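Given next are the chains, with one letter for each unit.
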Amino acid sequence: MKRIEVLGAGCRNCEITYNVIREAARPAGVGVQLEKVTDLARIVSYGILRTPGVAIDGKVVHSGGIPGPDTVRDWLTD
């Protein structure tokens, strides 16, 4: 199971990113623990300068903008 954190203040792009990841995980057949992280100190600890950010198992894989479903599937199958 992969632990995925969507890092951001809860803006619209953060919500969309959360939903894109949730929807892409279903057909990929990968178990995920998906969490929204809105705590600024925790976001800063990842070194995120632009939100939304995405961390998988503690490693930042994306920041700034909304990732596409194909990108998310690539993350899940790595």
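All of the points below concern the structure found in this document. Please read these numbers as outputs of a predicted model, since none were measured by experiment. (Residues numbered from 1 in each chain as written. Predicted model: local features only at pLDDT ≥ 70, side-chain atom pairs only at ≥ 80, totals over all residues. Heavy atoms only, no water.)

The subject of this paragraph is the sheet that holds strand E2 (residues 32-37). Strand order in this open sheet of four strands is E2-E1-E3-E4, and the pairing throughout is mixed. Looking at the sheet topology across the chains shown, the edges are occupied by E2 and strand E4 (59-63). For this sheet, the mean inter-axis angle between neighbouring strands, taken without regard to orientation, is 20°. In the sheet, strand E1 (residues 2-7) pairs with strand E3 (residues 53-56) via four bridges, with the strands oriented antiparallel. Considered in E3, the bridge of valine 6 is made with valine 54. Contacts between helix H1 (residues 12-28) and the sheet are confined to E1, E2 and E3, with E2 contributing the most and set at about 180° to the helix. Helix H3 (residues 69-77) contacts E1, E2, E3 and E4 of the sheet and is inclined by roughly 140° relative to E1. (Pairing = 2+ DSSP bridges. Helix = DSSP H or I, 4+ residues; strand = E, 2+ residues; numbered from the N terminus. Axes fitted to C-alpha atoms, helices over the stretch in contact; angles between N-to-C directions. Contact = heavy atoms within 4.5 Å.)

Right, let's get into the pattern of salt bridges. One pass over the structure, following the stated rule, counts seven salt bridges. Here glutamate 15 and lysine 36 are joined by a salt bridge, their closest N and O atoms 3.0 Å apart. With glutamate 15 in helix H1 and lysine 36 in strand E2, this residue pair connects regions lying 21 residues apart in the sequence. By relative accessible area, lysine 36 is classed as partly exposed at 41%. A salt bridge links arginine 42 to glutamate 35; the nearest nitrogen and oxygen atoms lie 3.2 Å apart. On the accessibility criterion, arginine 42 (31% relative accessible area) is partly exposed. Residue classification places glutamate 35 among the partly exposed residues on the basis of a relative accessible area of 26%. A network of salt bridges, in which partner residues are shared, links Arg3, Glu5, Glu35 and Arg42. (Salt bridge = Lys/Arg side-chain N within 4 Å of Asp/Glu carboxyl O. Buried < 20%, exposed > 50% of the residue type's maximum accessible area, 1.4 Å probe, protein only.)

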